[in-house]
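Now for the letters of each chain:
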Amino acid sequence: MGSRGRVLHPLWAAVLVWTLAVVGVGAAPAVASGATGDGDDLVSQSSADAVAATLAGSVVAVDGGGVGAAKVTLYERTAGTWEPTSLVASVDESGAWAMTDVPAGEYTLAVVAYTPERALVWWGDRPTLSSADGFVVADGEVRTGLDVAVKPSAPSPGPGMYPVGGGYGPQVGRLLSATVFGWLEDSDFRFQWYADDIAIPGATDRDFRPTTDQFERYLSVEVTAVHPDHATAQRRSEKQWVEAGPLTTALPLIDGDPVVGSTLSVSTPGWTPGTIFTYSWRAGARFPIYYPDTGSSFVVPESALGSTIHVTVTGTRRGYTSKSVTAELVTPIRLATQPIGGITIAGEPKVGSTLTAQTEGWTPQTTFTYEWFSDDGILRGQSRTLSLGSWAVGRNVRLDIGAHEPGHYSEQLSRSIDVAFYTLATSQPKITGAIRVNGVVEAEPGTWTKGATLTYRWFVDGKVYRDKYGDVYLGRSIRLPASAYGKTLSVEVSGYKVNYADASRTSAKTRVAAGILPLTRPKITGDVRQGGTVSAVAKTGVTGTRYAYQWYASGRSIPGATDRTYRIRDAQLGKTLTVKVTASATGYAKKSSTSSATLRVPRLPRVSISGTPRVGALLTARLGNTSPGTTYTYQWRDSRGGIVFGAKSTVRRIESGMDGRRIRVIVTARKKGYATVVVSSSYTDVIRR
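Read on for an overview of the structure. (Residues numbered from 1 in each chain as written. Predicted model: local features only at pLDDT ≥ 70, side-chain atom pairs only at ≥ 80, totals over all residues. Heavy atoms only, no water.)

Some details on the pattern of salt bridges
As a reminder of what qualifies: Note on definitions: salt bridges are taken to be side-chain nitrogens of Lys or Arg within 4 Å of carboxyl oxygens of Asp or Glu. Every helix listed is a DSSP run of H or I at least four residues long, and every strand listed is a run of E at least two residues long, numbered separately from the N terminus. The buried label applies to any residue whose accessible area, calculated with a 1.4 Å probe on protein chains only, is under 20% of its type's maximum; exposed applies above 50%, and partly exposed to all values in between.
All chains considered together, the criterion is met by 20 salt bridges. Residue Asp197 pairs with Lys239 through a salt bridge whose shortest N-O separation is 2.6 Å. One end of the pair, Asp197, is in the loop between strand E13 (188-195) and strand E14 (198-199); the other, Lys239, is in the loop between strand E17 (230-236) and strand E18 (240-241), and 42 residues separate them in sequence. Residue Asp197 is classed as partly exposed on the basis of its relative accessible area, which comes to 38%. Classification of Lys239 by relative accessible area gives partly exposed; the value is 46%.

A few points about the sheet that holds strand E38 (residues 477-479)
Here is the rule we go by: Strand pairing requires that DSSP identify at least two bridges connecting the strands. Helix axes use the C-alpha atoms of the stretch in contact, all axes being lines fitted to C-alpha atoms, and the angles between their N-to-C directions lie in the range 0 to 180 degrees.
Reading across the sheet, the three strands line up as E34-E35-E38 and stay open at both edges, with antiparallel pairing between neighbours. The sheet terminates laterally at strand E34 (430-433) and E38, the two strands that pair on one side only. Shown here is a sheet whose adjacent strand axes are inclined to one another by a mean of 25°, direction ignored.

Concerning the environment of Val651
Using the following cut-off: Only heavy atoms enter the contact rule, under which two residues are in contact if any of them lie within 4.5 Å.
With respect to the secondary-structure elements, Val651 resides in strand E55 (residues 651-653). C-alpha separation for the pair Val651 and Ile609, spaced 42 residues apart in sequence, amounts to 9.3 Å. Those residues in contact with Val651, other than ones at most four positions away along the chain, are Leu618, Leu619, Thr620 and Trp636.

Quick notes on the side chain of Gln234
Formally: By the criterion applied in these results, polar contacts are pairs of N or O atoms within 3.5 Å in which, for protein atoms, one can donate a hydrogen and the other can accept it, and in which residues neighboring in sequence qualify only through two side-chain atoms.
The topology assignment puts Gln234 in strand E17. Within the structure, the side chain of Gln234 is placed 3.0 Å from the side chain of Thr224, a separation counted as a polar contact. Apart from residues lying up to four places away in sequence, Gln234 is in contact with Arg118, Leu120, Glu222, Val223 and Thr224.

Comments concerning the pairing of strand E6 (residues 96-102)
Each regular strand carries side chains that alternate between the two faces of the sheet. Burial within E6 is extensive, with five of its seven residues counted as buried. Bridge count for strand E3 (residues 53-61) against E6 is five bridges, and the pairing is antiparallel. By the bridge assignment for E6, Ala53 is matched with Val102.

Quick look at the layout of surface pockets
The gaps of empty space that remain are located by a probe, the size of a water molecule, rolled over the atoms. We count it as follows: Cavity means a closed set of points on a 1 Å grid over the protein atoms alone, one where a 1.4 Å probe fits but cannot get out, pocket means an open set with protein on both sides within 12 Å along at least 5 of 7 lines, and lining means a residue has an atom within 4 Å of a point. Grid points are joined across faces, edges and corners, and a volume is the space filled by probe spheres set on the points. Ten residues, namely Ala, Val, Leu, Ile, Met, Phe, Trp, Tyr, Cys and Pro, are considered nonpolar, four, namely Asp, Glu, Lys and Arg, are considered charged, and the remaining ones, Gly among them, are considered polar.
What the second largest pocket holds in volume is close to 770 Å³. Elements with a minimum of two residues in the lining of the second largest pocket: strand E19 (253-255), strand E25 (323-329), strand E31 (396-404) and strand E32 (411-418). In terms of residues, the lining of the second largest pocket owes the most to one element, E32, which gives six residues. A class-by-class count of the residues in the lining of the second largest pocket yields nine nonpolar, eight polar and seven charged.

Quick word on the environment of Lys539
Turning to its location among the elements, Lys539 is positioned in the loop between strand E45 (533-537) and strand E46 (546-553). Along the primary structure Lys539 and Leu519 are separated by 20 residues, whereas in three dimensions their C-alpha atoms are 5.7 Å apart. Apart from residues lying up to four places away in sequence, Lys539 is in contact with Pro518, Leu519, Thr520 and Tyr547.

A look at the sheet that holds strand E27 (residues 354-360)
Spatially, E26-E27-E30 is the arrangement adopted by the three strands of the open sheet, whose pairing is antiparallel. The sheet terminates laterally at strand E26 (342-346) and strand E30 (385-387), the two strands that pair on one side only. Taken over all neighbouring pairs, the strand axes of this sheet differ in orientation by 15° on average, direction set aside.

Written out as structure tokens, the structure reads:
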């Protein structure tokens, strides 16, 4: 939208609405075409002087309270996508905001508030911009009721990045991983990497390897956490300068014959792809002769006669530190007085095979000597053939050939070959155990080469599983979290052993089933009697478990009795009570369990005392609301807590010495199959003489 529109301070927004009412826009605003009926009210306005629209609303917390500093940004749909406009409104202390001079178009809103940490909400209570709802604004409309209720924000400390495998900051070619320490673990994390605050296309994984495109730019990563119980949290890490990465190098290889007039060439296998090379050739070591302006090939001059040839290769590439490596042709340069043929090494370069030196193009009078060396400098053979034993695995083998022709200089030529590593015997791993939420599964690697060291990586829906600290989990067994429910699970087993080529195998994918909640059988506690309150006690031990309750009287559900506690009604007299508890949790199947039945619910007798509280007088215990077949026992007690001796009948005579005290009677009601009830009368007045 550019600079179209103007932000209206909430105070002026209120003045504007009042002014519209005064000039006759309508004391009772009319709802224009397109009103949603859910708070997006359209107030009609004269088209003669209406060029742009006015938007107004509020930002409050879901509990109706205020929020911290907040702002509202208007986004316009352009070419099918939402693009930010220059219209940004601040929210006042009451939560109100407004914008004026809004051109007609289709829009959505982004709200940033602090509840107490930074929270991001898109219009329609959507978690992301792409999912935000839109609304259409016509010329001259005054749209009010654009109200947003912000959920509490989740903890979202600033994210960071660290080099995988160690290091001190981002470098070209070195893998980085975003960190989210302190965030809610069950959030849906989304990542976007930036270079100089510009989003890097396709860089939306947790891990990112900088390329030369990011060299000498500031790198950061933005983390968005979507959580069902909190507002969307979005934070960006501090920017870090991307420095040059280490250039991968290898010893250059010189090819050609060491004779005057021949052409030597140098090759650079194993260097970082895209490296640009420069070359410097020289003859001799102690008093070298340098040959400037040479490339990857070099015609040996007569001045190099008798000297060894060295070439220094310098590799440069944008985004990498330059490196130089020098190679030497160890055979001194000689005169080309003898026809030079070719030499090759035939045979499969692996342990158990035989290598053969082959010579072609030499004169029939030429005789040869052979020396085979391993890359540790040990002489391994002096014949035309060499058997590769276990010593050769993974090594470079060099053949030095001496060519001798009568009357000519002797020739010394070299060739080398790399011997392969052993091949690890592998098996496709299997996953054993309870493949369900909270179940423990284990990787069964199968049969591998004896002595191989095995490591494990787990994948959930094809993504590497990480522990709560964000590190790649490498254990052989794993307890499956609720976040894995319904997703595929696989394990990768990697093996390595000295002198063997590394190998990896991945199991078949299997889907994670819902977990089984370990719900205990409910117990009923409390007073099982008329008017008593009972409670259900049950647990699973799983964080976040939700419980539902249903109480039953003699096997029939009690309407409305769905709380953990229940107050017994008269309708349950003479009946037993049970409670069914149903537990549910994210990633788990629902689990129900019913308690044992209580004894039958007895009536609650009413007890009172008749008689005058005076020494020598008779007191009588009176019972009401009794039940047939019930046995009642009595115990008289004075106000000092003492049991009145022998006082176990319905009648008690007040004895001398009890003056100044008060008396009450405790009645215990027992009936077969019913819960025992103990009730007490009120205390009498103070006993007088």
